[in-house]
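# What the coordinates show
Okay, here's what each chain looks like letter by letter:
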Amino acid sequence: MRQDIIHPKELTFEDGAFLVKLARKTVEEYIKNNGNIEIKPPQNTPKHLLRPGMCFTTIETFYTHEKRSLRGCIGFLIPVYSLVEAVMCSAIEAAFNDPRFHPLEETELDTVTFEVSILSEPKPLTGNRLEYPRKIIIGRHGLVVKKIIYQGTLLPQVPVEYCWDEETFLAETCIKAGLEPDCWLDDNTQVLIYEGRVFREKEPRGEIEERDLHEEYKILCRRP
């Protein structure tokens, strides 16, 4: 495991705000310049954000503070770029290359919010598979499921938004990978876990907030 990979715990709130604003700015410049932009860290990038890192950028159509709908979401679970470059690349991919949606248009920029999830390096779960649910903390952890050519991941915010418990989270990640929902019990399936911190615009072009996913889970899903 590489020692230079940035962990979400190392980020300040200001780092998160910087990355969310950069995600929007990158997409806006991509549209303005018809796709002709250079993926290059801004001169004011904090030095530690130049270390390798992993992230997902999520773009949502904003209706109210309580209601948004997915408009694009793509990211990296392997540290192939610096964190700041990963955010720039994932923002472009989420806006224009998510196969579930048509490319984002300039007229939508005032109606969408940008969200950046900063992720730790995924680590395999080991031991008794029946104990896997006890090793997962909803709101902190994301999951990856791998088996042969199949692979899928779900970010930490997903089980919060759907009020899933730990077993459901595991099952839904299996389904995301194109496998049976109980595949996590199969010794031939690899289940990995990672941590995440999530920063987003409160509203289009609005202030930045860090989501407290554990608190959201308690309120939305009436959990202790």
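A brief look at the structure comes next.

Rules of the game
- Residue indices begin from 1 for each chain and proceed along its sequence in written order.
- With the structure being a predicted model, the display of local features is reserved for residues of pLDDT at least 70 and the display and counting of side-chain atom pairs for 80 or more, all residues being used for whole-chain, interface and lining totals.
- To get the side-chain values, take all heavy atoms of the structure and skip hydrogens and water.
- A run of H or I in DSSP becomes a helix once it reaches four residues, and a run of E becomes a strand once it reaches two; helices and strands are each numbered from the N terminus.
- Values of the radius of gyration come from C-alpha atoms, whereas the globule rule sets the reference at 2.2 Å times the count of residues to the power 0.38.
- When accessible area is computed with a 1.4 Å probe and restricted to protein chains, residues below 20% of their type maximum are described as buried, those above 50% as exposed, and intermediate ones as partly exposed.
- What makes a salt bridge here is a side-chain nitrogen of Lys or Arg within 4 Å of a carboxyl oxygen of Asp or Glu, nothing more.
- A pair of strands is considered paired only if DSSP assigns at least 2 bridges between the two.
- Note on terminology: pairs of cysteine sulfur atoms within 2.5 Å are recorded as disulfides.

Attention now moves to the overall build of the chain. Along its length, the chain carries five helices and eight strands. When the helices and strands of the chain are listed from N to C terminus, the series reads α-β-β-α-β-β-β-β-α-α-β-β-α. Its C-alpha atoms give the chain a radius of gyration of 17 Å, within 12% of the compact-globule value 17 Å for 224 residues. In terms of overall dimensions, the chain has C-alpha extents of about 50 × 40 × 30 Å along its principal axes. Each of the 224 residues in the chain was classed as buried or not, and the buried ones make up 50%.

For the structure shown, the criterion picks out 17 salt bridges. With a shortest N-O distance of 2.8 Å, Arg-197 and Glu-210 are connected by a salt bridge. On the criterion of sequence distance, the pair formed by Arg-197 in strand β7 (residues 190-201) and Glu-210 in strand β8 (residues 208-210) is long-range, its members being 13 residues apart. The class for Arg-197 is buried, based on a relative accessible area of 18%. Each member of the salt-bridge network shares a partner with another, and the members are Arg-24, Glu-28, Asp-110, Glu-201 and Arg-205.

This part takes up the pairing of strand β2 (residues 67-76). Here nine bridges tie strand β1 (residues 54-64) to β2, and the two strands are oriented antiparallel to one another. Its bridge partner lying in β2, Cys-55 is registered against Phe-76. Hairpin geometry of β1 and β2 is characterised by an intervening segment of two residues between the two adjacent antiparallel strands.

This part covers the pairing of β1. Within β1, nine of the 11 residues are buried, which leaves it mostly tucked inside the rest of the structure. Where β1 lies against strand β3 (residues 112-119), eight bridges are found, and the strand directions are antiparallel. Residue Ile-59 lies in a different strand from β3, and its bridge partner there is Phe-114.

Looking now at the environment of Val-80. Residue position: Val-80 is located in the loop between β2 and α2 (83-96). Residue Val-80 is classed as exposed on the basis of its relative accessible area of 52%. C-alpha of Val-80 to C-alpha of Glu-215: the two residues are 135 residues apart in sequence and 32 Å apart in space.

Moving on: the state of the cysteines. Under the defined criterion, the tally for this structure stands at two disulfides. Covalently, Cys-163 is tied to Cys-221 through a disulfide, its sulfur atoms 2.1 Å apart. Its torsion about the S-S bond being -90 degrees, the disulfide of Cys-163 and Cys-221 is classed as left-handed. Residue Cys-163 is found in the loop between α3 (157-162) and α4 (166-176), and its partner Cys-221 is found in helix α5 (residues 213-221); the two are separated by 58 residues along the sequence.

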